[in-house]
Structures are given as structure tokens and as C-alpha cells.
Amino acid sequence: MSSLPSRKQLDPAFLRPAAPTLRGPEYWRSLDELAGSEAFVELLHREFPEQASEWHDPVSRRSFLKVMGASLAFGGLTACTSQPAELIVPQVRAPEEQIPGRPLFYATAAALDGVACGVLVESHMGRPTKIEGNPQHPGSLGGTHAITQASILDLYDPDRLQAVTNAGRISSWDAFLRGLTPVLEAQRLTQGAGLRILTGSVTSPTLAAQLRALRRIYPAYRWHQYDPVGRGPARAGSLLAFGETMNTWYDLGRAKVILSLDADFANSGPAAPRYARDFAARRREAGGSAGMNRLYLCESTPSATGSMADHRLALRPGEIVTLALAVARGIGVPIAESAFDGEVALPPRAQAWIGPLVRDLLAHRGTSAVIAGDQQDPTVHALAQAMNLVLGNGGSTVHWTAPLEAEPVDPIESLTELVSDLRSGRVEVMVILGGNPVYDAPVDLGFAAALDQARFRVHLTQQTNETSILCHWQVPESHYLEHWGDYRGHDGTVTLVQPLIEPLYGTRSAHELLAVLAGQAGKPGYDLVRQYWETQLPQADFEAIWRRALHDGVMAGTALPERQPILRTPVVLPAAPPSPASSTALELIFRPDPLIWDGRFANNGWLQETPKPVTKLTWDNAALIGPATAARLGLENEQVVELSAGSRSLRAPVWIVPGQAEGAVTVHLGYGRSRVGRVGTGTGFNANLLRTSTRPWSAMECTLTATGDRQELACTQEHQSMEGRALVRQADLEEFRQRPRFAAEEGEDPPADLTLYSGHAYPGRAWGMVIDLGACMGCNACTVACQAENNIPVVGKSQVRKGREMAWIRVDRYYRGDPENPGIAHQPVPCMHCENAPCEVVCPVAATVHSKEGLNDMVYNRCVGTRYCANNCPYKVRRFNFLQYVDRETESLKLQRNPDVTVRARGVMEKCTYCVQRINAARIEAKKAGQPVGDGEVVTACQQVCPTGAIAFGDLNDPASAVARLRSSPLHYGLLTELNTRPRTTYLAAVRNPNPELTGS
């Protein structure tokens, strides 16, 4: 099934506001659906079998029987896929602490941009198979995001660098040491004047101590840090506001009013799981007794956090600076007016925001928070810091500490200095620890050409990439589940990194490579980390503290102490960036991809195939523009344009996004990789080719020129369409107070006795799930977690375009209102596990059956692939293995799969099972303990990963269970209950909390 994009230019008449009414707001997934285009109607017609339209003819019984007979025959043939022969080798001496079939969990940390997110990793007989959030870690509180979930796949990536290579040829670690030794001896004679080490942002206390210790051996060596998605603007902003560099973190659980200045704080960055959970806690069930918070958010491109906003404003980058300045003035921030001129004019909608927003912030002194996006201008960061201080938020919702980095630097300045040294020939030995600067450094620095000037180049890397192929030596880097280490969390808390598995290949960690430079070759990473902490912790209690830190995943008492900054009065701001030449000029915006990030995860098939939270694109990036911009330029989806900024240009497909700021073009980083592996090479275009060191996150002016070519994109936004049905339900807080059961009023359930089904009795347990739409931000972490837990395969771009993606839980995204600034809602849709399941009555071989606990089970070895169940499912949640998607040949990939879940073959129908393997495991443990399964003892994969805690699962027969309590909420409703399916998976309607002064904004 193709996505069938519209082939005509966008008609401005389509850009009408969908008039919301009290009972029937209009929700839509795409502009084609809003317009009712012929392409969209054809898409719906083609979603089912080609001859399905004949079934509507009550006379054509002969045609129906022919179609049914052919489906049975071909379904039976395709389901007869033979299983490959496998050799079973017994374990002669099993570890004493391991019980076969019973997984163990270990605490460790996954880092993003050097900042830790605490995790618990499931291990089956020494094989890490699944990652969960660590409830005791302040950076996760039990949740994770999709990137962390998918990092388990990188461990088993067959494209990992598996051996030391020299000049492109396989070598050895010993050969590397022999080649490095004379080079280091020469550097000792010059005190390391020709030695340079390039790392990412370093928060690891042990790694920082090693890098500093090298100065005793090589006093003149230089350490540089560069992260393509670093915290440089935030550091520059704190310097402007306070005159010193500080780390800022937020306690959003206390915040009643939040202003986000282009900050996707709930979904982007290492602390996102924590922020998402804190924020959602005050949204759940209309805020509860603590009261509901309110989120104002201005951004250029719709984000996951933006979809949860009570007021969202689409602005270009220059307009965000102006808005921040106006609000700061309104709340009384002292600003040196002469230092900032040339402000960009605000549109009327933004001007109407300022007064009510200022009054709301002032009314919530001490319980508000202003957050600037990581990629925003330093001026915006400075204004946000100043506003938080003036509003008295310090120590309550906003906290300041010393920097997380051991040596905080501006990443662009540090890399620029390194390039200068390389070009001047001052660098003899270049050691790069991780990263890929040849690919992601700003193009004007010319890092690739400069790197060639170094006489001895070493790259520690997990994969052969654009940087490593220009180095003499490639040293394979260990995955974080293979080595010892440590990191700091967002508040400074130290987390120890402990391995769960011996390195699969001959890999080394950064600690071990630095030990070589320090003359300690062969020293294990464990010894290096432990010995550092032996010098930092009390000797008398060291062993107890060390073991407790390994067990809990956090080292107690290591959070950085809070500081109370002093605001510079007045705040002196740099000159404003030049305004666009005209109001119709386009501004170019660079952002890290929500899933691929800066490109380091480009070879991860799970992340490539997971739809982006808002655009629903997979396997590609695109030049994102708004509907009005597309209409003005005469552009349409999938049309290839030449995107130019200054003297640089590249070709990119266009994708039209409702809610994108008029005149803004957004491109995501991380794609266009030329050397990354079989999965990621060649996907998308490299937006780094347009980035410069002076403006790494935006370009004031760019042009789009149509080329006449087209590029097919794999977008899932119209797959499994609701076809006009009212599936998403939401209301404003005031409406909820007036009509608390508005969600149930949208559709009434048929009487219980109005059915042909015999019904089911559940004397024991009756499992059910409730999903809170008010807390869901569409991050897709649940989709990736389900993929990891249930061995769901990747199908590839061409199959996604045909609608054959295999994800058991999809997250539908809906728009509401004006396409230029619509409301956005998300709805996760797993199997409904219906009481009256339409799929069960049509299966000719009883492959889908009802369990005694209410689950709609699939018996895979019975399924013959007729797909009757899928055609009879009104929720469109069943997936069919059209092809042999599972890779049964690659040995490393076999290690990742969950042994508790069957690996399905071609011709089999599959779907969400409520993680029945987890239910069975809890049942066994409860039976051994001689007690019933308690509430909360069964946690599904999607429930466990959700950073906002939007998913509840439990026994409906237990009136005290969380899921039973939520089903009694006035916000509770079910999907398509008028069909009398009686779903077990139900929802809570979303409630928003708009400012009455800004109704309609």
C-alpha cells in the first residue's frame, strides 16, 4: 500500500480552520484527509484486498467464494515456511547464580551527549536482551526514551567494527601498540606539544581524571571537546546572564506555569524521561488535587512536547528571540536596551500572547519555569535564566549547579582551535575518542582536509565511519554494556557503568585507550574506575558504598551542590542577528533528529523504522515547510528542491507539516551518511553540509528551488486511518468541569444483552489496559520497547510504503483546527483484546482465541495466513508477515532476541499480546510464593518504558487495582464501542488547561 501523496499543488483553500464544536471536533491526520482529496479516498479503498469492493455486492456470491477460496489456498501455502535447522549445545557448567529461563537485571547507565540516564538491563543467561528505566535514578525515574531502548540493538549490530585496522587492513591490538609506542616516546621528548585528543562532552569523573593526568606526562598536550548537539548555547547564555558557566536543571513537578522557548524538553535530550514524568504528573486526570499545570510553548517545528502544550505558537527563530525579550521586559528583567536592537517584528497572534503570558508568570512566582531550547540563540538562554531568577524560581522549579563537564568549553571554539593547529602542522598525533567530526562538524571549518595534516591518526569507534576511514588506525570501541565506566546525570549524580557481557569482539573502552597513552597498557577498565573512586570515597566505607552504587545504579550523595547565581544588572545582550531581507524570506533551521539524533544511531534499524513523533516519516529526513509556505512557493510533498544557504546547496525532498512556522524550513541532522553500515548508509541527505560555525543552528536566509524530480518518502501518517471516526477525545479544563463525562457522551455502549456472543466468565483475573491521552506525547518509546521485548522485525522502507510495518503498537497522530497552527493529539493503539472479538469468529483454524483471563491470544503454529482476522478488525492492529522479515542468518542478532517470545515466520498473523510472557512469569512466581498476583506485579513493556506513565495495566476484577480505578474516571471511554466489541484496552480523554485570556490561541 503506497502512501499515495497528492500530485497537485496545495490549494490555499485547504488551509481553512476546522471549526471545532462542543460535541464533534474535527480531527485529521494529513492535509489530504482534511481536503478529502482523491488520493486519500483511493488510499482508503486500496487499504484492503483488491477485490474487497466486490464483497459489498449481495448478489455476487460466486465472486465472493472465488476470492475466499483463493485466499485460503495461498494463505496456507505461504504459512508453510520451514524452520531452519539449529544446533543445540548444552552448557556444561552453568553459573551458580543463574537459573535457566529466569532473567537477571543489572543497573548501569546509558549516556547521551555525555549525560547519564540510569537503566536496568535484562540479561538471559549472560545475554542482554532488554533495557528498562531505573526508578531510583534521578534522570529516568523508571522511564526511558526510544533512543535508549534501541541502544540494545547497537550491541549486536553485525556492522560493528570487530578488529583493529591499519590503513584499511585488518590488524591487531598488539600491532597497534607496537606502532604507537615510538610515537609516544617522541612526544615525551617534546612534552606532548604535538599530541591532541578530541572527545565529546566529558562528564565522567574517571575519564576526566585520566585526561588531566596525561598532563603530568605530556604537559603541552591539548584536550579538545566537540559534540554536534552540545550545550554550547546554554553555557554562553549563563555567561551572559550570570557572568559564569552553570548547569541548569528543572523540577517540573512543582511548576504550575511553564514557558518553553523552543525546548522539546519532554522528548529531546538525556534528561527528557525525568522532565516528561514530572510534567505529566500534573496533567493526569485533569491535574488531580495538586492542580493542573499550564504549558506555553513557541517553536518553529512541531515537536512531541509542543503537542502537549495548552498554547502553542509557531514562530521563526528570530521571532522567538523577540518574544523572549518582550516577556522578559514585561516581568521586570533589567536589560541594557542599547545592546539589543533590530528586533524582528512579531505577528499579531504572538503580540496577543505577551500580556496574558506575563500576567500568568507573575501570578506564579516561585512555581513557574522558563526553559530555552538547547539549540536556541545564547540570547534566548540568557533571557530565560534571567526570567527564572527574577520570578523567584531558583531552588524550587529551577536549580543551578556547577557544570556537569569536567572542563566546560564551547564546542565550536574548541574544534576551531583544533582545526587551526592541524592546518598549521602543529599536530603530530591525533587521537579521537568516539564521535564523527568529519561528518558532523560545520562545513566551513574543513575538518576533513585539516585532519589529513596530522602525521599519526587514531580513531576509537564502534563503526567504520566518515572519520575513521581518514585515520591510520581504527580501534574498535566497546558498547556501554561491555565496559566499565561512570557518568554524571543531569543533576550531577554519578552513575557507575558496569558491563553485562564480555566484549563480543576485540574492543576497548576510552578508559583503556587512555591508559595506553599513560603507559598503563593492559590495565582493565574495572581497575581504572575502581581505583579512581577509591581516592574519592571514604576508605572505611568504600566497599559498602561501591557495592551499593553498583546495585542501585546511583552513587548516593554525589549530586552537585546547588548554587545561587547573581544576575548581572543590567543584562547586556549581544546585537541581534540581522533581520531577513524581506518578510517572505525563508529561515533555515537545523535540529537533531528525534530518533537518529546527530547520526550516531543511523545504523539502528529500529530507530530508522520508528515513525517520527509528529511527521510520521521513517527511513528519511526532509525539508519541512508549512502549508502556507508550500502554497506560496507552489511546492508539494516529495518534490525534490535545491536547498541553498549562502554559497552552499544540496538536494532534499519537501514534506509539508501543519504547524510549521510560516517562512521557516527545518532540516534534521543525522542522515546522508556515506559510511555507517548496511542499514543507515545512503538514507536521507546530509544537512551538515549547510551548517556553519558562526550559526550552527540556523541560517537567516535560504532558498528552495524546484528541480522537477521526486523522491518517495515512507510516511505512516495515513496508514490504518480512522476514516472520520471520533477516536481521539479531548476538551478544555473548563469544559471538563461543566461536563465531566464528555468523553463517554461521544458514543454510547450497546446494552450488555444486545449481542449474539455467548459471553465470557472470568472467575480469576481479567486483564485490561487504560491509556491516558492527556499524558501521551507520541514519543514512540512504547513502540520501540515492544519491538525489543517481542522480537518484532524491521521490514525496510519499501515495505513501509506498502503499509506493511510490523509494529504491534502504533501511535496515531491527529491534528485539530487551523492547519497553520493546529492542536496536536496522539493515541497509542495496541490490540484492544475485545470481549466480543470480531477476529475470533472468522478464523477458520482457531488461531486467534479467547483466554480464560480475557486475552485475545494468537496461536502462531495454527495460523495459515488467511488474514480474515485483519480484515475483520475495526481497529487495524493486526500485522501480517508478508515476507521473511526476520534475519535468521546473522549470529549476533540471534543473541538479542527474547527467548520467552516466539520468533515468527512468513505467513503468520501477529499482534499485541499484553506481554503474555510477563503475565506467565508473574503467575509462576506468585504460585511459588503461595499468593495471588498483586497489582503492579505484571508490567507490560510499553507500560514500563513510558516516560510519562501514560499506560496502566492490571486486573479488572480487582477493584483496588490502578487500572480498575482509572476505568471509573469520568474521562474513561473505549474506541468504537458502538460496534459492541467491548474492548479491554480503553482510554482516558485528554484535558487541556488554556489561559481564559487566550481562548482560541
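Residues numbered from 1 in each chain as written. Predicted model: local features only at pLDDT ≥ 70, side-chain atom pairs only at ≥ 80, totals over all residues. Heavy atoms only, no water.

S.K.: Mind showing me how you'd approach the overall build of the protein chain here?
M.R.: Helices and strands together make up the secondary structure of the protein chain, namely 28 helices and 40 strands. The 1001 residues of the protein chain split such that 62% are buried. Expressed as a percentage of contacts within the protein chain between residues at least 6 apart in sequence, the contacts between residues at least 24 apart total 76%. Working note: accessible area of the protein chain is about 37,200 Å², and carbon and sulfur atoms make up 53% of it. (Helix = DSSP H or I, 4+ residues; strand = E, 2+ residues; numbered from the N terminus. Buried < 20%, exposed > 50% of the residue type's maximum accessible area, 1.4 Å probe, protein only. Contact = heavy atoms within 4.5 Å. Areas by Shrake-Rupley, 256 points an atom, 1.4 Å probe, with all protein chains shown as cover.)

S.K.: What should I look at first to understand the packing of helix α9 (residues 317–330) against helix α11 (residues 378–390) in this one?
M.R.: Packed helices, taken two at a time, are described by their axes: the angle between them and the distance between them. The contact between α9 and α11 brings their axes to 10 Å, and the two run at 20°. With respect to their mutual orientation, α9 and α11 come out roughly parallel. Relative to α11, the crossing made by α9 is left-handed. Contacts from Val-321, Ala-324, Leu-325, Val-327 and Ala-328 of α9 reach α11 at Thr-379, Val-380, Leu-383 and Met-387. (Axes fitted to C-alpha atoms, helices over the stretch in contact; angles between N-to-C directions. Parallel < 35°, antiparallel > 145°, perpendicular 65-115°, else oblique. Left-handed = near helix turned anticlockwise from the far one by under 90°.)

S.K.: Explain the pairing of strand β3 (residues 115–124) here, please?
M.R.: Two faces belong to every sheet, and in a regular strand the side chains alternate between them. Of all ten residues in β3, nine are buried; the element is thus mostly enclosed. Pairing between strand β2 (residues 104–112) and β3: nine bridges, direction antiparallel. Bridge assignment links Thr-108 to a residue of β3, and that residue is Val-119. What sits between the antiparallel neighbours β2 and β3 is a turn of two residues, in which Asp-113 has the positive phi angle 55°. As defined by bridge partners, β3 adjoins strand β4 (residues 127–133) across six bridges and the pair is classed as antiparallel. (Pairing = 2+ DSSP bridges.)

S.K.: Just to check I follow, could you spell out the pattern of salt bridges for this structure?
M.R.: A complete count under the given rule lists 47 salt bridges for this structure. A salt bridge links Asp-159 to Arg-678, with the shortest nitrogen-to-oxygen separation between them at 2.8 Å. In this pair, Asp-159 sits in the loop between α4 (146–155) and β5 (165–166) while Arg-678 sits in the loop between β26 (664–668) and β27 (698–710), placing the two residues 519 residues apart along the sequence. Among the ionic pairs, Glu-638 bridges to Arg-801, the shortest N-O distance being 3.3 Å. Within this pair, whereas Glu-638 is found in the loop between α19 (627–633) and β24 (639–645), its partner Arg-801 is found in helix α23 (residues 797–801), the two being separated by 163 residues in sequence. Overlapping salt bridges, with partners in common, bring together Asp-113, Asp-227, Asp-598 and Arg-600 in one network. (Salt bridge = Lys/Arg side-chain N within 4 Å of Asp/Glu carboxyl O.)

S.K.: Can you help me understand the packing of aromatic side chains in this one?
M.R.: Here the distance between the centres and the angle between the planes together describe a pair of aromatic rings. Per the counting criterion, the structure on display carries 15 aromatic pairs. Each ring, one from Tyr-250 and one from Tyr-275, has its centre 5.9 Å from the other, and the planes form 70°; the classification is edge-to-face. With Tyr-250 in strand β9 (residues 247–250) and Tyr-275 in helix α8 (residues 272–281), the pair connects residues that are 25 residues apart, well separated along the chain. Its relative accessible area of 10% is what places Tyr-250 among the buried residues. (Phe/Tyr/Trp six-rings, centres within 6.5 Å; stacked < 30°, edge-to-face > 60°.)

S.K.: Whenever I open this one, the pairing of β27 confuses me. Can you help?
M.R.: Bridge count between strand β21 (residues 586–591) and β27: three bridges; the pairing is antiparallel. Looking at β27, one finds that Leu-588 is bridged to Ala-699. Of the pairings in the sheet, the one linking β24 to β27 comprises five bridges and is antiparallel in character. For Gln-639, the partnering residue across the bridge sits in β27 and is Arg-710.

S.K.: How do you make sense of the confidence of the model for the protein chain when you look at a structure like this?
M.R.: Predicted coordinates in areas of low pLDDT are best not read in detail. Looking at the protein chain, pLDDT values average 86 and 87% of them are 70 or higher. pLDDT under 50 marks residues 12–24. Its contacts with residues more than four places away, or in other chains, come to 31 contacts. Predicted confidence for residues 73–92 stays below pLDDT 50, and this span has 18 contacts to residues more than four positions away or in other chains. (pLDDT = per-residue confidence, 0-100.)

S.K.: In this structure, what is going on with unusual backbone geometry? I would like to understand it.
M.R.: Peptide bonds are mostly trans, and most non-glycine residues show a negative phi. With an omega dihedral of -10°, the bond running from Thr-569 to Pro-570 counts as a cis peptide bond. The phi torsion at Trp-619 lies on the positive side, around 65°, for a residue other than glycine. Mapped onto the fold, Trp-619 is located in the loop between β22 (617–618) and β23 (623–625). Despite not being glycine, Asn-980 has its phi angle at roughly 65°, a positive value. As for its placement among the helices and strands, Asn-980 is situated in the loop between β38 (972–973) and β39 (985–988). What makes Asn-980 buried here is its relative accessible area of 11%.

S.K.: What's the story with the nonpolar core in this structure? I'm lost.
M.R.: Counting 139 residues, the largest nonpolar core has Leu-252, Leu-261, Phe-265, Leu-323 and Met-387 as the members making the most contacts within it. Ranked by the residues each element gives to this core, the list is headed by α9, at eight residues. Every residue in contact with Leu-323, bar those within four places of it in the chain, is listed here: Cys-298, Leu-313, Leu-315, Leu-346, Ala-350, Trp-353 and Ile-354. Of all hydrophobic cores here, the second largest spans 57 residues; its members include Ile-596, Leu-650, Leu-669 and Cys-702. (Core = buried A, V, L, I, M, F, W, Y, C linked by side-chain atoms within 4.5 Å.)

S.K.: How should I be thinking about the sheet that holds strand β17 (residues 473–476) in this particular structure?
M.R.: The strands making up a sheet associate through hydrogen bonds between their backbones, and the pairing can be parallel or antiparallel. Within the open sheet, the seven strands sit side by side as β6-β5-β17-β16-β15-β7-β8. Their pairing is mixed. Looking at which strands have only one partner, the edges of the open sheet turn out to be β6 (169–170) and β8 (222–225). For β5 and β6, the ladder comprises two bridges, and the chain directions are antiparallel. Following the sheet pairing, Thr-165 is matched in β6 by Ile-170. Sheet contacts for helix α12 (residues 411–423): β7 (195–199), β8 and β15 (429–433); angle to β8, the most-contacted strand, approximately 130°.

S.K.: Teacher, can you tell me more about the sheet that holds strand β30 (residues 767–772) here?
M.R.: If you trace the four strands from one edge of the open sheet to the other, you get β37-β30-β39-β38, paired in mixed fashion. Two strands bound the open sheet, and with one partner strand each, they are β37 (951–955) and β38. Strand direction decides the pairing type here: β38 and β39, joined by two bridges, are antiparallel. Paired with His-972 across the strands is Leu-988, a residue of β39.

S.K.: In this structure, what is going on with the packing of helix α16 (residues 525–534) against helix α17 (residues 542–552)? I would like to understand it.
M.R.: At a closest axis distance of 11 Å, the pairing of α16 and α17 adopts a crossing angle of 125°. With respect to their mutual orientation, α16 and α17 come out oblique. The way α16 lies across α17 gives a crossing that is right-handed. Contacts from Tyr-526, Val-529, Arg-530, Trp-533 and Glu-534 in α16 reach Phe-542, Glu-543 and Trp-546 in α17. In terms of residue class, the contact of α16 with α17 is made up of five nonpolar, no polar and three charged. (Nonpolar A, V, L, I, M, F, W, Y, C, P; charged D, E, K, R; others polar.)

S.K.: Explanation requested: the side chain of Thr-848 in the structure shown.
M.R.: Summarising the element assignment, Thr-848 is placed in strand β33 (residues 848–850). A distance of 3.1 Å separates a polar atom in the side chain of Thr-848 from a polar atom in the side chain of Asn-856. Within the structure, Thr-848 has its side chain in polar contact with the side chain of Arg-878 (distance 2.8 Å). Setting aside anything within four residues of it in sequence, one finds Thr-848 in contact with Cys-839, Glu-840, Cys-843, Asn-856, Asp-857, Met-858 and Arg-878. (Polar contact = N/O pair within 3.5 Å; in protein donor to acceptor, adjacent residues only side chain to side chain.)

S.K.: Teacher, can you tell me more about helix α7 (residues 232–242) here?
M.R.: In an α-helix, one full turn covers 3.6 residues, which means residues spaced three or four apart are oriented alike. With respect to burial, α7 is a largely interior element, eight of its eleven residues being buried. All of the buried residues along α7 are Gly-232, Pro-233, Arg-235, Gly-237, Ser-238, Leu-240, Ala-241 and Phe-242. Buried residues in α7 make contact with α11, β14 (398–401) and α12. Taken from the residues just after α7, Gly-243 is the one with a positive phi, measuring 80°.

S.K.: What is the right way to read the side chain of Asn-791 from this model?
M.R.: Checked against the element boundaries, Asn-791 lands in the loop between α22 (781–789) and α23. Note on Asn-791: relative accessible area 6%, which makes it buried. Reaching out from Asn-791, the side chain makes a polar contact with the backbone nitrogen of Asn-898 at a distance of 2.8 Å.

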